[in-house]
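The residues making up each chain are set out below.
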2 protein chains.
Amino acid sequence: MNLILLTPEEIRDERLACLRDPRRLRHLKEVHRAKVGDRLTLGVVGGGIGRGELTLLSGDEARFTLEGLDTPPPPALPVHLVLALPRPRMLARSLEHMTAMGVKQITLLHTRRVEKSYWQSPELDPAKIHEHLVLGLEQARDTQLPEVTLAKGFRPFVEERLPTLLEGRRGLVAHPGLAQACPTGIGTPTLLFIGPEGGFIPFEVERLLAAGCEGIHLGPRILRVETAIVALLARLF
Amino acid sequence: MNLILLTPEEIRDERLACLRDPRRLRHLKEVHRAKVGDRLTLGVVGGGIGRGELTLLSGDEARFTLEGLDTPPPPALPVHLVLALPRPRMLARSLEHMTAMGVKQITLLHTRRVEKSYWQSPELDPAKIHEHLVLGLEQARDTQLPEVTLAKGFRPFVEERLPTLLEGRRGLVAHPGLAQACPTGIGTPTLLFIGPEGGFIPFEVERLLAAGCEGIHLGPRILRVETAIVALLARLF
């Protein structure tokens with residue numbers, strides 16, 4: 001928690017913030033070892049970042065006097081990431097990684113090698129997803145929540161949503177063995193597809209390429225999905 | 001397990017491999033859903049990669065007829081990574097990430113913000129470290145085990161070992177706020193320092209820069225150690 005992320009409701013007036021949830025209180029005490037008088041970095045969801053002085057830390061409340069939350073959050077990556085739904089534990093970590101790195105648009109997609117049971121996982125509960133996004137923001141000192149959408153059918157996604165998503169975006173499909181090495185330092189708006197463990201099936205790759213995406217690879221090493229996400233984002237942007 | 005990694009002892013003669021450990025047997029059955037007659041990718045620790053036909057799969061043994069293990073493993077990254085010892089769970093994942101990405105020399109270093117108790121963790125047991133290295137190799141279809149060394153004192157490391165390590169290597173210290181953005185696509189032998197959660201202390205950064213290292217950063221976002229490792233390696237090489 002490199003940033004204490006406040007909801008607008010936690011800001012009582014322009015100068016006072018109160019938080020009461022056990023997770024952040026525990027973190028303040030056990031990790032920050034915060035004491036009254038400490039100045040910490042705070043931000044407000046969807047808004048700015050600044051500092052606040054801790055004026056009270058009790059068993060069920062922390063209060064801060066805010067010193068202006070007017071620093072903008074770090075810039076977002078110009079990418080919409082379409083990720084084949086990973087297994088639940090990997091989904092949690094992947095959401096945190098993507099958020100920490102600055103992805104703001106995430107689509108979780110069904111593909112042939114996604115186990116159907118993953119769509120029943122409690123990790124897909126909007127509240128659970130929100131939790132992981134918040135952890136990613138707190139880590140990276142960001143305030144802008146990513147938007148996560150679910151696409152439970154590959155064909156409907158490709159037929160109905162893909163053409164619009166590719167307007168003004170460079171489409172990239174990351175898959176071992178495709179022709180082009182992952183480019184570096186591109187600044188253009190991008191639609192990035194990352195497959196499931198075991199990869200896209202050939203039909204899926206063909207459909208994405210036929211729709212106008214370019215195929216890219218990360219070399220001969222096969223990486224776990226969560227590792228590939230970070231490696232691709234770090235290299236592309 | 002994208003590669004079944006055999007020890008030399010598991011290769012009975014030029015053509016026959018037998019494995020008996022429960023982890024790989026379970027993986028073969030439950031994840032690969034392997035059946036007699038299937039051809040799978042195998043490699044031997046420190047050696048080549050090839051295919052083998054499964055000829056027996058029982059409760060306590062799997063046998064393969066080898067078809068030549070003569071493909072070389074993927075190239076290594078030209079980096080010696082010096083990582084401030086992370087907390088145990090993050091160490092485990094970090095070892096897997098580094099290994100999967102092709103790092104072959106790893107030093108785990110004590111720095112001021114490394115909790116002393118981490119050095120007592122069972123995760124530092126050589127057998128435990130070996131386990132995570134093997135998982136990383138199996139993931140990335142590699143056979144070359146990284147070498148992991150421990151450096152329990154910062155000063156002795158800097159004074160006694162650093163000058164030799166910097167011979168013929170470009171030293172890089174990754175730390176938020178340092179002057180230079182992380183370069184991309186360098187091919188030169190590199191000694192890369194990555195700090196602990198909370199970062200190096202200023203004294204440590206100064207010592208490393210004074211010894212001839214360059215300071216680099218990954219932008220305004222503060223990443224978890226395991227995320228930073230992957231992002232740095234993906235961008236540098």
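Residues numbered from 1 in each chain as written. Chains lettered and ligands numbered in written order. Predicted model: local features only at pLDDT ≥ 70, side-chain atom pairs only at ≥ 80, totals over all residues. Heavy atoms only, no water.

J.: Is there a simple way to think about helix H1 (residues 22-30) of chain B in this case?
T.: Every α-helix carries 3.6 residues per turn, so stepping three or four residues along brings you back to the same face. Residue and element names in this part refer to chain B. Every buried residue belonging to H1 is among Arg24, Leu25 and Leu28, and all of these are buried. One side of H1 holds all its buried residues, which, seen down the axis, span an arc of 105 degrees. Across H1 from its buried face, at more than 90 degrees, point the exposed residues Pro22 and Glu30. Summarising the contacts, the buried residues of H1 are in contact with strand E1 (4-6), strand E3 (16-19), strand E4 (39-44), strand E5 (49-57), strand E6 (62-66) and helix H3 (126-140). (Buried < 20%, exposed > 50% of the residue type's maximum accessible area, 1.4 Å probe, protein only. Helix = DSSP H or I, 4+ residues; strand = E, 2+ residues; numbered from the N terminus. Arc of directions from axis to C-beta. Contact = heavy atoms within 4.5 Å.)

J.: For this particular structure, what's the right way to read the interface of chain B and chain A?
T.: The parts lose accessible area when they come together, and the size of an interface is often stated as this lost area. Across the contact, 28 residues belong to chain B and 28 residues belong to chain A. Of all residues in chain B, Gln139, Arg221 and Ile222 of chain B bury the most surface against chain A, accounting for 29% of the area lost on that side. In this structure, the connection of chain B to chain A is made through four salt bridges. The residue arginine 221 of chain A makes a salt bridge to aspartate 142 of chain B at a minimum N-O spacing of 3.1 Å. Counting the contacts that link chain B with chain A gives 19 residue pairs in polar contact (both at pLDDT 80 or more). Those elements that place two or more of their residues in the side of chain B that touches chain A are helix H2 (88-101), H3 and helix H6 (225-236) of chain B. The residue inventory of the side of chain B that touches chain A, partitioned by class, reads 13 nonpolar, six polar and nine charged. (Buried area = accessible area lost by both parts, 1.4 Å probe. Salt bridge = Lys/Arg side-chain N within 4 Å of Asp/Glu carboxyl O. Polar contact = N/O pair within 3.5 Å; in protein donor to acceptor, adjacent residues only side chain to side chain. Nonpolar A, V, L, I, M, F, W, Y, C, P; charged D, E, K, R; others polar.)

J.: Is there a simple way to explain the relation of the copies chain B and chain A in this structure?
T.: To go from the first copy of the chain to the second, apply a rotation about an axis and then a shift along the same axis. Here chain B sits on chain A after a turn of 180 degrees about the axis and a move of 0.0 Å along it, with an RMSD of 0.0 Å. On this basis, the relationship between the two copies can be described by a two-fold rotation axis. (Least-squares fit on C-alpha atoms with pLDDT ≥ 70 in both.)

J.: I'm lost on unusual backbone geometry in this one. Help?
T.: For residues that are not glycine, phi is negative in most cases, and the peptide bond is trans in most cases. We note that arginine 33 of chain A has phi near 45 degrees; this positive angle belongs to a residue other than glycine. Note that arginine 33 of chain A resides in the loop between helix H1 (22-30) and strand E4 (39-44). Not every positive phi belongs to a glycine, and arginine 141 of chain B is a case in point at roughly 55 degrees. Within the fold, arginine 141 of chain B resides in the loop between H3 and strand E9 (147-151).

J.: It is not clear to me how the sheet that holds strand E2 (residues 11-13) of chain A should be interpreted in this structure. Could you clarify?
T.: The strands making up a sheet associate through hydrogen bonds between their backbones, and the pairing can be parallel or antiparallel. Residue and element names in this part refer to chain A. If you walk across this open sheet you meet the six strands as E1-E4-E5-E6-E3-E2, and the pairing is mixed. The strands lining the two open edges of the sheet, one partner per strand, are strand E1 (4-6) and E2. Each strand of the sheet is rotated relative to its neighbour by a mean of 40 degrees, with strand direction disregarded. (Pairing = 2+ DSSP bridges. Axes fitted to C-alpha atoms, helices over the stretch in contact; angles between N-to-C directions.)

J.: Looking at this structure, how should I read the pairing of E3 of chain B?
T.: A regular strand carries its side chains on alternate faces of the sheet. Residues and elements named next belong to chain B. As paired strands, strand E2 (residues 11-13) and E3 are joined by two bridges and run antiparallel to one another. Paired with isoleucine 11 across the bridge in E3 is alanine 17. Connecting E2 to the antiparallel partner E3 that follows it, the hairpin turn spans two residues. Here four bridges tie E3 to E6, and the two strands are oriented antiparallel to one another. The residue bridging cysteine 18 from the neighbouring strand is arginine 63, located in E6.

J.: Explanation requested: the packing of H2 of chain B against H6 of chain B in the structure shown.
T.: How two helices sit against one another is set out by the angle between their axes and by the gap between those axes. All names here are of chain B. Here H2 crosses H6 at 15 degrees, and the two axes come no closer than 9 Å. In terms of orientation, H2 lies roughly parallel with respect to H6. At the point where H2 passes H6, the crossing takes the right-handed sense. In this structure, H2 uses Met90, Arg93, Ser94, His97, Met98 and Met101 to contact H6, whose residues at the interface are Val225, Glu226, Ile229, Val230, Leu233 and Ala234. A breakdown of the residues in the contact of H2 with H6 according to their chemical character gives eight nonpolar, two polar and two charged. (Parallel < 35°, antiparallel > 145°, perpendicular 65-115°, else oblique. Left-handed = near helix turned anticlockwise from the far one by under 90°.)

J.: Looking at this model, I keep getting lost on the packing of aromatic side chains. Mind explaining?
T.: The geometry of two aromatic rings is summed up by the distance between their centres and the angle between their planes. All names here are of chain A. All told, the structure shown has two aromatic pairs over all chains when counted by the stated rule. Ring centres of phenylalanine 157 and phenylalanine 193 lie 6.1 Å apart, and the angle between their planes is 75 degrees; on these two criteria the pair is classed as edge-to-face. Here phenylalanine 157, found in helix H4 (residues 154-165), pairs with phenylalanine 193, found in strand E12 (residues 190-194); they are 36 residues apart in sequence, far enough to count as distant. Considered together, phenylalanine 157 and phenylalanine 193 belong to a single accessibility category, that of buried residues. (Phe/Tyr/Trp six-rings, centres within 6.5 Å; stacked < 30°, edge-to-face > 60°.)

J.: Explain the domain arrangement of chain A to me, please; I cannot follow it from the model alone.
T.: Residue and element names in this part refer to chain A. Its domain assignment divides chain A into domain 1 (4-66) and domain 2 (79-236). Computed over C-alpha atoms only, the centres of domain 1 and domain 2 are separated by 33 Å. Tallying the contact residues gives 11 residues for domain 1 and nine residues for domain 2. Here domain 1 and domain 2 share an interface that buries about 690 Å² over both sides, 59% of which is from carbon and sulfur atoms. The three residues of domain 1 that bury the most area against domain 2 are Leu5, Arg23 and Ile49, which together make up 58% of that side's buried surface. (Domains from an automatic or database assignment.)

J.: Explain the state of the cysteines here, please?
T.: Chemically, a disulfide is nothing more than a covalent bond linking the sulfur atoms of two cysteines. Tallied over the full model, the rule gives zero disulfides over all chains. Left unpaired, cysteine 182 of chain B is separated from the closest cysteine sulfur, that of cysteine 182 of chain A, by 14 Å. (Disulfide = S-S within 2.5 Å.)

J.: So what exactly am I meant to see when it comes to the pairing of strand E7 (residues 79-84) of chain A here?
T.: All names here are of chain A. With six of six residues buried, E7 is to be regarded as a mostly interior element. Here E7 shows two buried faces, one formed by Val79, Leu81 and Leu83 and the other by His80, Val82 and Ala84. As judged from the five bridges shared by E7 and E12, these two strands associate in the parallel manner. Directly across from leucine 83, in E12, lies its bridge partner isoleucine 194. In terms of strand pairing, E7 meets strand E8 (residues 105-109) through five bridges, oriented parallel. Looking across to E8, one finds that leucine 83 is bridged to leucine 108. Handedness of the crossover joining E7 and E8 through helix H2 (residues 88-101) is recorded here as right-handed. (Right-handed = clockwise from strand over helix to strand, strands pointing away.)

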